[in-house]
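Chain and residue survey
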Amino acid sequence: MGPASRRLRVIVTRPREQAGSLAERLEQLGLEVVLCPLIELESVGPAEVDVSGYDWVIVTSPRGARELARRRRGGLPRVGAIGPGTAAALREHGIEPALVPRVSTQEGLIAELPDPPGRILFAGAEEARPYLAEALDADTVVLYRTRELRPADPPEGDLVVFASASAARAFAPLGVEIPAVTIGPETSREAEAHGIQIVAEAESHDLDGLVAAVAKAARI
């Protein structure tokens, strides 16, 4: 993936305020990191989210988890988190998730909910995949939106890292062919739908898993 005389160059596409930890970990592996934020997150929606009366609240991203923790009002029911990264964001705010599915997809989460699951609130992004909310007949509250960013010049590198489907979607129009490492199945699905080659997918869908996947792809 590049001459041995130089360090492997890895493009990090996370929002600028979220890129630091990942960039630092990759640099510790001896990789050269190029910061190229392709999305930014903007809080929207109500100042407070009344969670009383629900049997479950479902969150499918770390940002959704943090927004829920900040704005919730009423007695918090059981909370489902789509994966380890989202669960970690809940724990940062003292919320222990009642469910973190073995497969970090909306389908995986639905499969492990009780049947019937009761009344459900889905809290997430404006552009969130609607499958879960529709399948569970859940109420939905939008807590943030994702805006795509376009860099002045296409990034150059040996690997590109996607920590969300939104980042993969924003990368596709740049017209560069760079092998990708993804944080999980839904991100991989979005990348592949846009013709992006996936060379590694994180086994655990969090920062540790993403770093390990990059290391595997870089053969470190």
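See the structure printed just above.
A brief look at the structure comes next. (Residues numbered from 1 in each chain as written. Predicted model: local features only at pLDDT ≥ 70, side-chain atom pairs only at ≥ 80, totals over all residues. Heavy atoms only, no water.)

Here we come to helix H2 (residues 62–71). Where burial is concerned, most of H2 is hidden: seven out of the 10 residues are buried. On its buried face, H2 sits against strand E3 (39–43), strand E4 (49–50), strand E5 (56–59), strand E6 (72–73), helix H3 (84–91) and strand E9 (139–148). (Buried < 20%, exposed > 50% of the residue type's maximum accessible area, 1.4 Å probe, protein only. Helix = DSSP H or I, 4+ residues; strand = E, 2+ residues; numbered from the N terminus. Contact = heavy atoms within 4.5 Å.)

Scanning all chains against the criterion turns up one aromatic pair. In this structure, Arg119 is placed above the aromatic ring of Tyr54, and the distance from its NZ or CZ to the ring centre is 4.0 Å. (Phe/Tyr/Trp six-rings, centres within 6.5 Å; stacked < 30°, edge-to-face > 60°. Lys NZ or Arg CZ within 6 Å of the ring centre and 35° of its normal.)

Where helix H1 (residues 19–28) contacts helix H8 (residues 207–217), the two axes come as close as 10 Å, and the packing angle between them is 40°. Of the two possible hands of crossing, H1 and H8 adopt the one that is right-handed. Across from Ser21, Leu22, Arg25 and Leu26 in H1, the residues of H8 making contact are Leu207, Asp208, Leu210, Val211 and Val214. Looking at the contact of H1 with H8 residue by residue, the classes come out as six nonpolar, one polar and two charged. (Axes fitted to C-alpha atoms, helices over the stretch in contact; angles between N-to-C directions. Left-handed = near helix turned anticlockwise from the far one by under 90°. Nonpolar A, V, L, I, M, F, W, Y, C, P; charged D, E, K, R; others polar.)

For the rest of this paragraph, the subject is the pattern of salt bridges. Side chains bearing opposite charge may pair, as long as their charged atoms lie close to each other. Considering all chains together, one arrives at 18 salt bridges under this definition. The closest approach of N and O atoms between Glu107 and Arg129, which form a salt bridge, is 2.4 Å. With Glu107 in helix H4 (residues 106–112) and Arg129 in the loop between strand E8 (120–125) and helix H5 (131–135), the pair connects residues that are 22 residues apart, well separated along the chain. Arg169 serves as the salt-bridge partner of Glu148, at 3.9 Å between the closest nitrogen and oxygen. With Glu148 in strand E9 and Arg169 in helix H6 (residues 165–171), this pair connects stretches of sequence that are 21 residues apart. Among the charged side chains, a network of salt bridges with common partners joins Arg63, Glu67, Arg70 and Arg71. (Salt bridge = Lys/Arg side-chain N within 4 Å of Asp/Glu carboxyl O.)

Turning next to the environment of Arg71. For Arg71, the position within the fold is in helix H2. What makes Arg71 buried here is its relative accessible area of 4%. Separated by 24 residues in the primary sequence, Arg71 and Ala47 have C-alpha atoms spaced 6.2 Å apart. When residues no more than four places from it in sequence are discounted, the contact partners of Arg71 are Ser43, Val44, Gly45, Pro46, Ala47, Glu48, Val49 and Leu143. Side-chain polar atoms of Arg71 contact the backbone oxygen of Pro46, separated by 2.7 Å. Within the structure, the side chain of Arg71 is placed 2.7 Å from the side chain of Glu67, a separation counted as a polar contact. (Polar contact = N/O pair within 3.5 Å; in protein donor to acceptor, adjacent residues only side chain to side chain.)

Below, the discussion takes up the side chain of Glu67. With respect to the helices, strands and loops of the structure, Glu67 is situated in helix H2. Polar side-chain contacts of Glu67 include one of 2.9 Å to the side chain of Arg63. Other than its neighbours up to four places away in sequence, Glu67 contacts Ser43 and Leu143.

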